[in-house]
Amino acid sequence: MTGEDSAADLDGQVEQDAGKLGESPESTTVVVIGAGPAGMTVTNLLRRAGIDCVVLERRSREHVAQRQRAGIVETRAVRMFDSWGLADRVLGGVPYDGVLEIRVDGESHLLSDSDGTEGLGARLCPQQVLVQKLTAAYLADGGDLRFEAADISLHDLTGDRPTVRYRTADGTVRALTCAFVAGCDGDHGVSRTTVPEGVLTAHAFDHGIGWLTVLADAPPPARPLLAVSPDGFAAHFPRGPQTSRYYVQCPPDDHPAAWPDDRVWDALRTRLGDPALVSGPITDREIFRLRSLVHDPMQHGRLFLVGDAAHIVSPMGGKGMNLALYDADVFARAVRDFVRDQDDTGLRTYSQRCLRRVWNDQEFSHWLTRTLHDAGDDTGTGPFHRGLARARLDRLFTSPHASRAFAELMTGMDPA
Ligand code: RFL
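Residues numbered from 1 in each chain as written. Predicted model: local features only at pLDDT ≥ 70, side-chain atom pairs only at ≥ 80, totals over all residues. Heavy atoms only, no water.

Colleague: Describe the packing of aromatic side chains, naming the residues involved and giving the relevant values.
Modeller: With the rule as written, the count across this model stands at 13 aromatic pairs. Where F180 meets F338, the ring centres are 5.5 Å apart and the plane angle is 80 degrees; that geometry is what we call edge-to-face. Of this pair, F180 sits in strand β13 (residues 180-183) while F338 sits in helix α9 (residues 320-341); the two residues are 158 residues apart in sequence, bridging distant segments of the chain. Relative accessible area serves as the criterion here: at 0%, F180 is assigned to the buried category. (Phe/Tyr/Trp six-rings, centres within 6.5 Å; stacked < 30°, edge-to-face > 60°. Helix = DSSP H or I, 4+ residues; strand = E, 2+ residues; numbered from the N terminus. Buried < 20%, exposed > 50% of the residue type's maximum accessible area, 1.4 Å probe, protein only.)

Dropping the structure here:
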């Protein structure tokens, strides 16, 4: 790709393609596939940079707006939105005091994420609130977002101008030509699977651990709570003024039906060391395996994979959504530099830059996963690893240097 073939040059050629395609292709600079946290961040940042884009999302707006997963926007990501002048518009929720509780056999230890840097801190902002606000901001600014776009297919990714085709809700087939495609369609999307075999290497890891995850209309904890107990790991996170998310370690092949309400609340009370824990109606109950996955490189021709489309990080440490926001920022800056200054450095180094942080966060997440599971239930890895994990926790609770390093990783303000 050369500096000269900027987005503006592409528009004229699109018209020539119209006959070839047998339909009326539209032209834009970036086609974004997927309207989750990654896609909606990319689009808002691109609009902020004055670059046009079209978002294609398979689901309805209502469906996307209700998907509940992550709950904390880390400090680095809050400051990223702030640097684009978007923090006030897109971040909902409440400021987070940065204190995390780790309870070991019922004994409480508080860890601050204060890393000594000045500026805005993390926010307790449920993922669906962030997505709703990003979507509203983009549409209010006149952004082009097409829900219920079916059968998306990507073409000519290694040429100068890829084409993206899709079918609208009324069955019409449409085509869009563009300078770049941002594949923000998650782990099960179409972007990554379009890349020919042999181009990407998948590094996959199964932690051999299952989590029952429960969403309930029950009082949130004062602060995010992670608990180690001989019965296994459990956690309790705020998700709204009267909503909580809970995690309970279980066999990876367990079934939600094996966890009726009484069993869920009994397990939580025991593992959290809180016999008085207030219960409430359970609105969602799922079991998933803790797994990690990295695709390298995160680019193929003019397709750039952003967020879960490129990597999955086990939920311990709360990094999945935050990595998606990081990729989105790196991608948007790279496109801006290319379109505005014909500088393709950011595009050429996109994969390398993102993967450095991805592996950094995978390591943090893996370390925390092992520590909090091995320290409690020693049936998996045995008493030797239990001793190691307890020693790591002890160091974290007693050494200011260890807790400072932990804080840096929690906030995302580490140098990676
Ligand atoms: P998403 O959120 O999956 O969004 C992808 C979007 O693409 C659409 N799509 C398509 N559109 C068009 N055509 C197709 N063929 C398409 N296929 C898919 C989808 O409908 C969707 O709208 O990916 P994105 O944007 O990369 O965001 C990633 C985050 O969602 C993910 O990393 C986090 O949710 C992970 N995660 C957590 N991350 C954190 O930072 N902190 C947490 O506390 C946290 N908790 C969690 C989590 C993930 C969980 N699950 C999924 C196991 C808790 C859970 C339970």
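Moving on, there is more to tell.
Colleague: An account of the nonpolar core is requested, with residue identities and associated values reported.
Modeller: General note: in soluble globular proteins, nonpolar side chains tend to be found buried as a group. Counting residues in each nonpolar core, the largest one holds 72 residues, and the members touching the most others are V30 and F81. Not counting residues within four places of it along the chain, the set of residues in contact with V30 comprises L46, I51, D52, C53, V54, C178, F180, A182, F331 and V335. Ranked by size, the runner-up nonpolar core spans 27 residues in total, among them L100, F237, F364 and A389. (Core = buried A, V, L, I, M, F, W, Y, C linked by side-chain atoms within 4.5 Å. Contact = heavy atoms within 4.5 Å.)

Colleague: Go over empty space enclosed by the protein with me, naming the residues and quoting the values.
Modeller: Applying the stated criterion across every chain yields a total of one cavity of 30 Å³ or more. As a volume, the largest cavity reaches approximately 30 Å³. Along the walls of the largest cavity sit T43, N44, R47, R48, L86, Y138 and D141, which together make up its complete lining. By residue number, the principal contributor to the lining of the largest cavity is helix α2 (residues 37-48), which donates four residues. Per-class residue counts for the lining of the largest cavity are two nonpolar, two polar and three charged. (1 Å grid on protein atoms, 1.4 Å probe; cavity = no way out; pocket = protein on both sides within 12 Å on 5 of 7 lines; lining within 4 Å. Points joined across faces, edges and corners; volume = space filled by probe spheres on them. Nonpolar A, V, L, I, M, F, W, Y, C, P; charged D, E, K, R; others polar.)

Colleague: I'd like to hear about the pattern of salt bridges, residue by residue, with values.
Modeller: Following the criterion strictly, the structure yields 22 salt bridges and no others. Among the salt bridges present, the one from D105 reaches R390, with a minimum N-O distance of 3.0 Å. Taken as a pair, D105 in the loop between β6 (99-104) and β7 (107-112) and R390 in helix α12 (residues 383-398) lie far apart in primary sequence, 285 residues in all. For D105, a relative accessible area of 42% puts it in the partly exposed group. Ionic pairing is found between R167 and D151, a salt bridge with its closest N-O pair at 2.6 Å. Taken as a pair, R167 in strand β11 (residues 163-167) and D151 in strand β10 (residues 150-155) lie far apart in primary sequence, 16 residues in all. The network of salt bridges with shared partners includes R336, D337, R340 and D341. (Salt bridge = Lys/Arg side-chain N within 4 Å of Asp/Glu carboxyl O.)

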